[in-house]
Amino acid sequence: MQSSGRARARAILPILKQMNPPAPPRLRFAPSPTGYLHIGGARTALFNWLLARKTGGTFLLRVEDTDKARSTEESTRAIFEGLRWLGLNWDEEVVYQGAEENLARHRADAERMLKAGHVYRCFCTAAELDERRVAAGEPHVLRFRVPEGETAWDDLVHERIAFPNKDIDDFVILRSDGTPIYNHAVVSDDIAMRISIVMRGDDHISNTPKQILLYRALGEPLPQFAHLPMIHGMDGKKLSKRHGATAVGDYQHEGILPQAMVNFLALLGWSPGGEFEEVMTLEQLIEAFSAEHLLRKASVFDPKKLEWMNGQHLSRVPLEDLEPRVTPLIVAAGLATEAELAARRDWYLKLIDLLRVRSRLIDDIVRQAVPFFRDEIEYDADAVAKQWKDRAVARDLLSATRETLAELRPWEPEPMEEALRALAEKKGVGGGKVFQPLRVALTGLGVSPGIFDVMLALGRDRTLARIQQAEAFLQDA
RNA sequence: GGCCCCAUCGUCUAUCGGUUAGGACGGCACCCUUUCAAGGUGCAGAGACGGGUUCGAUUCCCGUUGGGGCUACCA
């Protein structure tokens, strides 16, 4: 009877599978609000999000605030902000682990295990376990009784991981004040949230057997576990403040684009495998993402590569998407008001387009933009020393340049180049001998976009005025 | 200490037993060029060590070493 039933089950299993394709997974990111959104946390959130988006699953957010002493609202806000900045939106309402209804469930689940004998009352420390009867009203913790045997699972990232139970001490699940300890709260919540894939940092590997024991004691099916490698600093040690910024908010303020951050983080501990283009949009990342290519080795956070990645994205993002990231900084630098920028939006977008190619951070754009907004410019000492070495010669050259440009029609790159090269030839020098001193006169700097682009962006009047200023400066000197 | 995880250029990685071990960042050189970027080309640069298995190991197994994590009434 039984065997024929099993045989029948075996026969219909493939059909069932076809009729009921595996349900889309439910994943979650579960930070504790005890600081800002950390690089490592952001990467964990990203991979959960990516897998959810790739598979049509659900991405949830749970704030693990059961440690009231360390949790702050400010930190919760910072984490939300960080996730939003990265574009990692969550699908359902945020779950607060410490909410009263959840705490009630944690206690109820603990009670259930107590009744079933998986858990015992105890007021001892881990060092001296005993099961003395606890008198009613006496403060005590609830401790999980770890059974004999071995606890193992097939990790999505690693293969089989096994822990001998004898190496796991009976652990506390409920404090004497009735609030849950991490492992218990996580399991109870993941069950309640119907989480089917638990993807987190591999610093949780040794928590996993404890959690599996809890799932079993609660009579619940196990989720799939996926343990991601850590992210380290350039010295191979755990990423910390001494390696520079570790909060994603810091990178936002340093002029990193969220899409660059996401792209960079995605390639830490994961790769599409085979030949692939490093620079990817969010859409391309979702498309390429798969759990099979998750890596096991801890990776090192290299800020240099992040900056390169940012430079790439800076040059590739649609201008309309880049502009809102730049404008607040332009305004903050006092170069222009939003209204002024809006009034000559075409000119402004063209300027950003000109500057972004030679920028790695958003701030680089702002810095290079200064000469295009200010009336008075400062002359960089090195540039002056190099390009205006002989002041009399420089002044003559500049006034000749100014006269040439004053008559130029139309104000376009081709005639500019033609006229200035002709001037250079007349003076018996190469083009650079005209262009470089002119660049200093127009921008005050030794480096800038192409000189004709600069003149175009400045316009004829300002160009001529700038040259005159430079002549005056050289006269006085 | 115990338990667990990990190991390819300085860094991120490709390779799913047979490759001159490929690419990217960074470095260097050159090209392009009015500067700086960007872009292009080239150079240097890696399988931690020792045993097995195999006709053949970076790849599979074991050990050593090294790094990391956990070992709370933190998460």
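Residues numbered from 1 in each chain as written. Chains lettered and ligands numbered in written order. Predicted model: local features only at pLDDT ≥ 70, side-chain atom pairs only at ≥ 80, totals over all residues.

> How should I be thinking about the protein's contact with RNA strand B in this particular structure?
Near RNA strand B lie 59 residues; those nearest to it are Ser32, Glu64, Arg175, Tyr182 and Val300. For the surface near RNA strand B, the secondary structure elements donating two or more residues are β7 (160–164), β12 (299–300), α10 (303–316), α18 (431–443) and α19 (451–458). Classifying every residue of the surface near RNA strand B gives 22 nonpolar, 21 polar and 16 charged. (Near = placed C-beta within 6 Å. Helix = DSSP H or I, 4+ residues; strand = E, 2+ residues; numbered from the N terminus. Nonpolar A, V, L, I, M, F, W, Y, C, P; charged D, E, K, R; others polar.)

> Please explain the pairing of strand β5 (residues 141–144) as it appears in this structure.
Consecutive side chains of a regular strand alternate in pointing toward one face of the sheet and then the other. Residues Val141 and Arg143 of β5 are buried on one face, and the alternating residues Leu142 and Phe144, pointing to the opposite face, are buried as well. Pairing analysis gives four bridges linking strand β4 (residues 119–122) to β5, with the strands arranged antiparallel. Bridge assignment links cysteine 122 to a residue of β5, and that residue is valine 141. For β5 and strand β8 (residues 172–174), the ladder comprises two bridges, and the chain directions are antiparallel. Paired with leucine 142 across the bridge in β8 is leucine 174. (Buried ≥ 20, exposed ≤ 12 C-beta atoms within 10 Å, placed from the backbone. Pairing = 2+ DSSP bridges.)

> Can you help me understand helix α16 (residues 391–406) in this one?
For an α-helix, the turn length of 3.6 residues means that residues three or four places apart are oriented alike. An ideal rise of 1.5 Å per residue puts 22 Å on 16 residues; α16 measures up with 22 Å between its terminal C-alpha atoms. Buried within α16 we find Ala394, Leu397, Leu398, Thr401 and Leu405. End-on view of α16: buried residues confined to an arc of 100 degrees, all on one side of the axis. Along α16, the residues that are exposed and aim more than 90 degrees away from the buried face are Ala392 and Ala406. Turning to α16, the residues buried within the fold contact α17 (413–427), α18 and α20 (460–476). (Expected span 1.5 Å × (residues − 1). Arc of directions from axis to C-beta. Contact = placed C-beta atoms within 7 Å.)

> Any chance you could explain the nonpolar core here in plain terms?
Burial of nonpolar side chains together is a common tendency in soluble globular proteins. Counting 52 residues, the largest nonpolar core has Leu46 and Met261 as its most contacted members. Those residues in contact with methionine 261, other than ones at most four positions away along the chain, are Leu86, Val248, Tyr251 and Ile256. Grouped together as the second largest cluster of nonpolar side chains are 33 residues, Leu355, Val366, Ala369 and Ile451 included. (Core = buried A, V, L, I, M, F, W, Y, C linked by C-beta atoms within 7 Å.)

> For this particular structure, what's the right way to read the sheet that holds β4?
In a beta sheet, neighbouring strands are held together by backbone hydrogen bonds and run either parallel or antiparallel to one another. Spatial strand order, β4-β5-β8: three strands in an open sheet with antiparallel pairing. The open sheet terminates on both sides in strands that have one partner only, identified here as β4 and β8. This sheet shows a mean twist of 45 degrees between the axes of neighbouring strands, independent of strand direction. (Axes fitted to C-alpha atoms, helices over the stretch in contact; angles between N-to-C directions.)

> How should I be thinking about the environment of isoleucine 79 in this particular structure?
Relative to the helices and strands, isoleucine 79 is located in helix α3 (residues 73–86). A residue is classified by how many C-beta atoms lie within 10 Å of it, and isoleucine 79, with 27 of them, is buried. Isoleucine 79 sits 37 residues away from alanine 42 along the chain, and the two C-alpha atoms are 9.0 Å apart.

> Got a minute to help me understand the sheet that holds strand β3 (residues 95–96) in this structure?
Read across the sheet, three strands follow the order β1-β2-β3 without closing on themselves; strand pairing throughout is parallel. Edge positions in the open sheet fall to β1 (26–29) and β3, since each of these has one partner strand only. Judged from the two bridges that link them, strand β2 (residues 58–63) and β3 form a sheet pairing that is parallel. Looking at β3, one finds that arginine 62 is bridged to valine 95. Sheet strands touched by helix α2 (residues 39–55): β1 and β2. Its angle to β1, the strand with the most contacts, is close to 160 degrees.

> Can you help me understand the confidence of the model for chain A in this one?
It should be kept in mind that the predicted coordinates are not to be read in detail where pLDDT is low. This prediction gives chain A a mean pLDDT of 91; 93% of its residues lie at or above 70. The low-confidence segment residues 1–17, where pLDDT is below 50, has zero contacts with residues more than four positions distant or belonging to other chains. Across the whole predicted complex the pTM is 0.91, and at the interface the ipTM reaches 0.95. (pLDDT = per-residue confidence, 0-100.)

> For this particular structure, what's the right way to read the packing of α16 against α20?
Between two packed helices, the angle of one axis relative to the other and the distance separating the axes together describe the packing. In the contact formed by α16 and α20, the axes pass within 9 Å of each other and the chain directions differ by 160 degrees. Here α16 lies roughly antiparallel to α20, going by the angle between them. By crossing handedness, the relation of α16 to α20 is classed as left-handed. Every residue of α20 that contacts α16 at Arg391, Ala394, Arg395, Leu398, Ser399, Thr401, Arg402, Leu405 and Ala406 is listed here: Thr463, Leu464, Ile467, Gln468, Ala470, Glu471, Leu474 and Gln475. Here the contact of α16 with α20 is built from residues that sort into eight nonpolar, five polar and four charged. (Parallel < 35°, antiparallel > 145°, perpendicular 65-115°, else oblique. Left-handed = near helix turned anticlockwise from the far one by under 90°.)

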